[in-house]
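Take a look at the letters that make up each chain.
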Amino acid sequence: MPCPSSCPPGLLALMAPGLALMATFSLPSQAGDRRALPVEKPPGVKGRTLILLDVNTKSPVRIISENFLSLQLDPSIIHDGWLDFLSSRRLVTLARGLAPAFLRFAGKRTDFLQFHNVKNPAKSRGGPGPDYYLKNYEDARSLDKLYNFADCSGLHLIFALNALRRNPNNSWNSSNALSLLKYSASKKYNISWELGNEPNNYRTLIGRSVNGSQLGKDYIQLRSLLQLIRTYSRANLYGPNIGRPRKNVITLLEGFMKVAGSTVDAVTWQHYYIDGRVAKVTDFLKTRLLDTLSDQIRKIQKVVNTYTPGKKIWLEGIGTTSAGGMNNLSDSYAAGFLWLNTLGLLASQGIDVVVRHSFLDHGHNHLVDQNFNPLPDYWLSLLYKRLIGPKVLAIHVAGLQRKPRPGRVIRDKLRIYAHCTSYHNHNYVRGSITLYIINLHRSRKKIKLAGTLRDKIVHQYLLQPYGKDGLHSKLVQLNGQPLAMVDDGTLPELKPRPLRAGRTLVIPPLTMSFYVVKNVNALACRYR
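Residues numbered from 1 in each chain as written. Predicted model: local features only at pLDDT ≥ 70, side-chain atom pairs only at ≥ 80, totals over all residues. Heavy atoms only, no water.

## Side note on the environment of arginine 208
On the secondary structure map, arginine 208 appears in the loop between helix H4 (202-206) and helix H5 (212-228). Note on arginine 208: relative accessible area 32%, which makes it partly exposed. Once the C-alpha coordinates of arginine 208 and leucine 164 are considered, the two residues, 44 residues apart in sequence, prove to be 9.3 Å apart. Residues in contact with arginine 208, not counting those within four places in the same chain, are Arg166, Asn167, Pro168, Asn170, Tyr202 and Arg203. Of note is the side chain of arginine 208, whose polar atom sits 3.0 Å from the side chain of asparagine 170. (Helix = DSSP H or I, 4+ residues; strand = E, 2+ residues; numbered from the N terminus. Buried < 20%, exposed > 50% of the residue type's maximum accessible area, 1.4 Å probe, protein only. Contact = heavy atoms within 4.5 Å. Polar contact = N/O pair within 3.5 Å; in protein donor to acceptor, adjacent residues only side chain to side chain.)

Shown next as structure tokens:
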């Protein structure tokens, strides 16, 4: 099936992801050490905070996947068996801007989705669960549309199979999955696979639970099916896509890892920060909220490393809010603070891939709305893809700060990350470094580059809300210029603002920004 006319092959692989280490006014080399640096304020410095920043350029502390920032489509976007809108030239252009990446097709309705290889699925509907089917004939086939969209956008499709088709003994009934696998293989579709979505919620969904041991056996059964089909004998398999790691979920994960830890290529879980029904804009500015993910990462890593040390871990289904999000909040500029900090935190902790839920029109957590207009988190993700490479660098911070006031936490509200600049960005020579900074303070902060970064030319990419809505805005500006698509086949040029060598970086309040430090000739960044 041909791609839309805006799909030149040379543009299918654009920008690579990556991320960095958080820097606050505490010692960066001591994880969890919150003590302020004991630096005396010299004479003449009054009422301002100056941060001295350097980066270790000798070697990376982490190397994450080229597909680190990836995307999810929720099956709820299927309407009466159709996915024809995925042929939109505009939508392909937006998705291609975030390539290379995985495209995960999964969500709450995954476990009610059934594949029907018939000409008219409307005549053969039945069985439990919502009426969502893949229409499968000629050019209107939804599976074909889905795969063609991913392929034309430079994305690798991950398809989650229905895990709730069960035999009387509660083992997985794979007959429908086998039909889908055979059809996909006949088309020679290059797909990776999962089984189910949030298995810890099955009792709520259907009044029937699946424990970790049984789920592990189901994954082994799926692996055996894949090995029987030549096209998928070496296909990747990911799972178990558990929810938030509370006690019962950890028990499920432990049971799964005992049985099938070696069967999956990466262990996956989900995370949502806030209940979208009660979220407020100030929630997105709370440092305590930004840090809640750290504890979950430790819990997942502990289990995985107990049973399969070194196994890759992915965070799938990440969103700012649950319950589909909230209009004018989870799709606003303010939500970007959580999203950008999530990327930085996950990379610094060695999480290999993060899958954003959702790329398109699912509640209000999406990157692109129902009219195919990019939202603030899309532009943030695009900048990230263009500027950030997969090598994470350690940063060193020293600073001068006001005397702490009781009850006020100043040091955690400025978060700094560093990476090698993306190798795919030909505007910068290898050896350049990209910083990105979140300023949650209501005042501007100043950063002086030191050490290997001193007296280098810097390119600034400052992302701010555009219009009168402020943090609620769904429009953004880059270095003072509003961002919008040029036309359905063209994304805007992301123009930097050059800063003279040695200039102090001034970070405006409540903003997110990227800074490319040119020609550092960093040893860690010279080679892929």
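## Describing H5
Here H5 is 17 residues long and its end C-alpha atoms lie 25 Å apart, about the 24 Å a rise of 1.5 Å per residue gives. Regarding H5, the residues found buried are Gly212, Gln214, Leu215, Gly216, Asp218, Tyr219, Leu222, Arg223, Leu225 and Leu226. Tucked into the core, H5 has its buried residues touching strand S7 (155-161), helix H3 (175-186), strand S8 (191-195), strand S9 (237-242) and helix H6 (247-260). Of the residues flanking the start of H5, the one acting as N-cap is asparagine 211, its side-chain oxygen 3.3 Å from the backbone nitrogen of serine 213. (Expected span 1.5 Å × (residues − 1).)

## Quick look at the nonpolar core
Counting 125 residues, the largest nonpolar core has Leu73, Phe159, Trp193, Tyr232, Phe359, Tyr378 and Phe514 as the members making the most contacts within it. Beyond its immediate stretch of four places on either side in the chain, leucine 73 contacts Leu86, Leu103, Arg104, Phe105, Ala106, Leu146, Phe149, Ser358, Phe359 and Leu360. Ranked by size, the runner-up nonpolar core spans 26 residues in total, among them Ile51, Leu453, Val458 and Leu505. (Core = buried A, V, L, I, M, F, W, Y, C linked by side-chain atoms within 4.5 Å.)

## Observations concerning helix H9 (residues 336-348)
At 3.6 residues per turn, the α-helix brings residues three or four places apart onto the same side. Its 13 residues give H9 an end-to-end C-alpha distance of 18 Å, which sits within 8% of 18 Å, the value for a rise of 1.5 Å per residue. At the C-terminal side of H9, glycine 350 shows a positive phi close to 85°.

So yeah, pure geometry; function would need other evidence.
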